[in-house]
Amino acid sequence: MPELPEVETVRRRLEPVLTGRRFVRVAISDGRLVRPLEPVQVAAELEGESVAAVDRRGKYLIVRFVSGRSLLIHLRMTGSLRHAPAGTLAEDPHRRAVVRLDDGSDVAYRDVRRFGTWLVLEPGELNSYLAQRLGPEPLGRLTGRGLAARLERRRAPVKAALLDQRTLAGVGNIYADEALWQARVHPLRPSCELDGGEVARIHRSVRRVLRTGIARQGASLRDYALPDGGSGSMQHEFRVYGREGEPCDRCGTPIAKIRAAGRGTWLCPRCQPSTL
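How each quantity is defined
- Residues numbered from 1 in each chain as written.
- Predicted model: local features only at pLDDT ≥ 70, side-chain atom pairs only at ≥ 80, totals over all residues.
- Heavy atoms only, no water.
- Helix = DSSP H or I, 4+ residues; strand = E, 2+ residues; numbered from the N terminus.
- Rg over C-alpha atoms; globule rule 2.2 N^0.38 Å.
- Buried < 20%, exposed > 50% of the residue type's maximum accessible area, 1.4 Å probe, protein only.
- Contact = heavy atoms within 4.5 Å.
- Areas by Shrake-Rupley, 256 points an atom, 1.4 Å probe, with all protein chains shown as cover.
- Lys, Arg positive; Asp, Glu negative; His and termini not counted.
- Charge placed at Lys NZ, Arg CZ, Asp CG, Glu CD.
- Pairing = 2+ DSSP bridges.
- Axes fitted to C-alpha atoms, helices over the stretch in contact; angles between N-to-C directions.
- Salt bridge = Lys/Arg side-chain N within 4 Å of Asp/Glu carboxyl O.
- Polar contact = N/O pair within 3.5 Å; in protein donor to acceptor, adjacent residues only side chain to side chain.
- Parallel < 35°, antiparallel > 145°, perpendicular 65-115°, else oblique.
- Left-handed = near helix turned anticlockwise from the far one by under 90°.
- Nonpolar A, V, L, I, M, F, W, Y, C, P; charged D, E, K, R; others polar.

*Asks:* I'd like a rundown of the overall build of the protein chain, residues and numbers included.
*Replies:* The number of helices and strands found in the protein chain is 7 helices and 10 strands. Here the C-alpha atoms of the protein chain give a radius of gyration of 20 Å, agreeing with the 19 Å that 2.2 N^0.38 yields for 276 residues. Across the 276 residues that make up the protein chain, the buried fraction comes to 49%. A separation of at least 24 residues holds for 63% of the contacts in the protein chain among residues at least 6 apart in sequence. When the accessible surface of the protein chain is split by element, carbon and sulfur atoms take 47% of a total near 12,500 Å². Seen as two clouds, the 46 positive and the 32 negative side-chain charges of the protein chain have centres 6 Å apart.

Below, the structure written as structure tokens:
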């Protein structure tokens, strides 16, 4: 699933493409993308809108319109966006929507698993919608003490707490594993049992791995790609994720795979000892 670095990379690539442009024609071919609304209805609402800005909040991509409305895009597991000059989009059985811009270019949305969503919000609805679903941005003003306050009363494993978007917005399976390895904290440690030093290391490590992910333009493992079809390179920086049986870069111990928060989870048994 695209996480904060992947969505931020897409945002940075699409911002100069979309800002100041008008949606001339919108075609939505998959009703699951906008349900329970009808695709024709949503497409008609979007046509004629002019883009004021392209933002991100957690894993959401936000297209802000001059009218005050917003298009909220969540890529979910396999969603991605492509930008191409008019008439140059390759045939794609997984394409779910196409937006023709007033400069003649196209922005296409593709989604293999079809879990992604588009939601049009009216003026004044965006902030409350996001506030109900998302905690603070990990690269924002949240301090180590602030993170500790969000974890100290939770008995859930720290991996589960980090995946909870109400704890931190934008952290997913990959970057949680990488951050916990850097912080030397076992993913199954109860959040409320972490001491101040451990939480401080987690806070620093989350910020570090997310910034590295952005610098590497995300991780291209399966379906994630840049709007021009290119790939990110964060997958070459992984220290534990997907490396079961390979030696830990820090101590040489074989990386292990367990289940945490219902997700495949990779760790170093020596660097991240369990107290369970």
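There is more to say after this.
*Asks:* Got a sec to walk through unusual backbone geometry? Specific residues and values, please.
*Replies:* Apart from glycine, the bulk of residues carry a negative phi angle, and the bulk of peptide bonds sit in the trans form. Arg-35 connects to Pro-36 through a cis peptide bond whose omega is 15°. Its identity as a non-glycine residue notwithstanding, Arg-184 has a phi of 65°, on the positive side. Assignment of secondary structure puts Arg-184 in the loop between α6 (173-183) and α7 (196-215). A relative accessible area of 44% means that Arg-184 is categorised as partly exposed.

*Asks:* Break down the pairing of strand β9 (residues 256-260) for me, with residues and values.
*Replies:* It is a general feature of regular strands that their side chains alternate between the two faces of the sheet. Bridging between β9 and strand β10 (residues 263-267) involves 5 bridges; their strand directions are antiparallel. Bridge pairing in β10 links Arg-259 to Gly-264. Following β9, the chain reverses through 2 residues before pairing antiparallel with β10; Ala-261 in that reversal takes a positive phi of roughly 55°.

*Asks:* Describe the sheet that holds strand β3 (residues 60-65), naming the residues involved and giving the relevant values.
*Replies:* Spatial ordering of the open sheet is given by β2-β3-β4-β8, a layout of 4 strands whose pairing is antiparallel. The sheet is open, and its two edges are formed by β2 (51-57) and β8 (117-121), each paired on a single side. Strand-to-strand twist in this sheet, taken as the mean axis angle between neighbours without regard to direction, amounts to 20°. With 5 bridges connecting them, β3 and strand β4 (residues 70-74) associate as antiparallel partners. Its bridge partner being in β4, Ile-62 is matched across the sheet by Leu-72. Packed onto the sheet, helix α1 (residues 4-18) meets β2 and β3 and runs at close to 175° relative to β2. Across the sheet, helix α2 (residues 39-46) touches β3, β4 and β8, and the angle it forms with β8 is around 55°.

*Asks:* So, the side chain of Glu-178: which residues are in play, and what are the values?
*Replies:* Relative to the elements of secondary structure, Glu-178 occurs in helix α6. Despite being buried, Glu-178 has no salt bridge partner; Arg-239 is the closest side chain of opposite charge, sitting 5.9 Å away. Within the local environment of Glu-178, its side chain forms a polar contact with the backbone nitrogen of Tyr-241, the two atoms lying 2.9 Å apart.

*Asks:* Please give an account of the environment of Met-234 that cites residues and values.
*Replies:* Relative to the helices and strands, Met-234 resides in the loop between α7 and β9. On the basis of relative accessible area, Met-234 is assigned to the buried category, the value being 3%. Contact partners of Met-234, with chain neighbours within four places excluded, come to Tyr-175, Val-209, Thr-212, Gly-213, Arg-216, Gly-218 and Ala-219.

*Asks:* Describe the packing of helix α4 (residues 144-151) against α7, and please don't skip the residues or the numbers.
*Replies:* Where α4 meets α7, the closest approach of the two axes is 9 Å, and the angle between their N-to-C directions is 115°. Compared by their axis directions, α4 and α7 come out roughly perpendicular. Of the two possible hands of crossing, α4 and α7 adopt the one that is right-handed. Contacts from Gly-144, Leu-147, Ala-148 and Leu-151 of α4 reach α7 at Val-199, Ile-202 and His-203. Residues of the contact of α4 with α7, tallied by class, amount to 5 nonpolar, 2 polar and no charged.

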